[in-house]
Every structure is written in C-alpha cells, then in structure tokens.
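Below, each chain spelled out in residue letters.
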Amino acid sequence: MRIALSQLTTGPDSDKNLLLIEEWTRRAADAGARVVVFPEASMACFGTPLAPLAEPLDGPWADGVRRIARDTGTVVVAGMFTPADGGRVANTLLATGPGVEASYDKIHLYDAFGFRESDTVAAGSAPTVIDVDGVRLGLATCYDVRFPELFRAHADAGAVATLLAASWGAGPGKADQWELLVRARALDATVWLAAVDQADPGAAPGSAPTGVGHSLVAGPDGTVRERLGTEPELRVADLDVDEVSAVRQRISVLGNRRPELWG
C-alpha cells in the first residue's frame, strides 16, 4: 500500500489549512498515494482557541476534506476538532475517501510537560480501524504513542499498520523520545507505523505542542524505513503488507502474551 506522509505546518485559520490539505493531497495523488496522512491539528494549530472553530463531522470543514478525497481518489486522514460536552472539543482524526468514512477521538490526552489538553479537550473511548482496499489500518493521535495497549488493540482487530497523526511538543530530548516511541510501538504490535508530525514551525517553543517534524515510517520489526527532517515535506512510502505476517512468525510477541496474569 502506498501512503503519503504530509509533514506540513498549519496555522490558526482553518480555511487556509484546508487549502494546504488540498494542495498536498493533489501532490500525493500525483505520486500514486492511496492514503494521505496529515498531522494532528490540521484544522488549526494548537495555541488557537479550539471551541470557537470546532465543527461537527458533517460540517463544512470535514465536507471540504471529503471533497478533496473524492476529487483525488484518495483516502485522507487529517486531524480536526469536533464539539464535545461541557464546552470542550474532541481531538478527532477524520478518515474519508472512496469506500472509507470513519473518525477517531484521541483517547490519551496530553496532560504532560506543562500542557493540559484535558482542560479543553474531552477524551475518546474506543479504538478505530479502517479498511482500505482490503487492508486494515488503525488510527492514533500523538500522545497515544506512549500507550502500547492501543497499538496492540489495532493488531488484535486485524490491522497491519497504524497511522499516527501528531503535533509533538518541543523540548529537551523530545525528538529522540518521538522516534523511540514510534519504533517501540511498531515492534510491540508488529505493525507498520506511519507517524506524521507537524513540521517544526521555527518559532520559539512554548507550552502548546506545535510540532518538531521528524515524521517517520517504522516497519513491523521496529526498523526505520523512512525518516523526514524538520521542514515541511511530502514523502511517499510503500508498505509491504505481507511483511507483517512474516515478522509475526519470527517475533511472536502477540501470540506469546500472558494477559491472564495482568487482568
């Protein structure tokens, strides 16, 4: 399966960000990508008041993404914000395109490193997998990467890859942690892991997670197959679906689990 990693930088204007998504999706489609993955907060960057711009999944912003996916014949995965109870929003991944219509609300909220996502965002409660041309893919968002159970749940649901959208927070050691965690989660679940971060915006880092770049693709054996830098970049990668079963025969971490010991 050919996917595109769209490591861009979004700003506070959702309409301008939608135009970026259209431009980059068309470029990815021209390169033969079947799935185009954009970062978390593609609708609007963190540090922007989220409640005023949140829209439902049948709102104009999501419909704009659907139009782009339909016009290009691709499946687009992009981070947006949808209304939630109590004046908060959900941190939502929209996956849409021919034969695909799904969404995932981020389960693990980023209450760490001086940031409290839960002050404005309501947590999701269920994993999501999608099927593209008979290939099952899990969806995950940013801080989720620190929790291996979600990625194993994708594998248990038949996924051979997880698409991880992020807007990673800057700070000492954070870029190293990002790569380490992506590789570990790929190996934990023996899945391909395509991790797409916001490009480094180049501004002085604050508490809001606005991206560090370094998007990557890790194979089901945990090795890095594609690695991007810090600048905006579109990278196309081919995922060998058959490699997953071959790796699982050699590295039987899913089959060797002892869940009865841990409850």
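Our structure is the block above this text.
Residues numbered from 1 in each chain as written. Predicted model: local features only at pLDDT ≥ 70, side-chain atom pairs only at ≥ 80, totals over all residues. Heavy atoms only, no water.

1. Focus: helix H1 (residues 14-30)
The first and last C-alpha atoms of H1 sit 24 Å apart over 17 residues, in line with the 24 Å expected at 1.5 Å per residue. Looking at H1, one finds that the buried residues are Ser14, Asn17, Leu18, Ile21, Glu22, Trp24, Thr25 and Ala28. In this structure, the buried side of H1 is in contact with strand S1 (2-7), strand S2 (35-37), helix H2 (60-72), strand S3 (75-83) and strand S15 (233-238). If you check the start of H1, you find a side-chain oxygen 2.9 Å away from the backbone N of Asp15, and it comes from Asp13. Positive phi appears at Gly32, one or two residues downstream of H1, with a value of about 90°. (Helix = DSSP H or I, 4+ residues; strand = E, 2+ residues; numbered from the N terminus. Expected span 1.5 Å × (residues − 1). Buried < 20%, exposed > 50% of the residue type's maximum accessible area, 1.4 Å probe, protein only. Contact = heavy atoms within 4.5 Å. Polar contact = N/O pair within 3.5 Å; in protein donor to acceptor, adjacent residues only side chain to side chain.)

2. Here's the deal with the pairing of strand S4 (residues 89-97)
If a strand is regular, its side chains alternate between the two faces of the sheet. Burial analysis of S4 places nine of its nine residues in the buried class, the great majority of the element. Neither face of S4 is left uncovered, since the one carrying Val89, Asn91, Leu93, Ala95 and Gly97 and the one carrying Ala90, Thr92, Leu94 and Thr96 both have all their residues buried. Bridge count between S3 and S4: eight bridges; the pairing is antiparallel. Across the sheet, the residue bridging to Ala78 is Leu94, located in S4. Here S3 folds back onto S4 in antiparallel fashion, the turn holding five residues, of which Gly86 has a positive phi close to 70°. Across two bridges, S4 lies against strand S8 (residues 121-122) in parallel orientation. Paired with Ala90 across the bridge in S8 is Ala122. (Pairing = 2+ DSSP bridges.)

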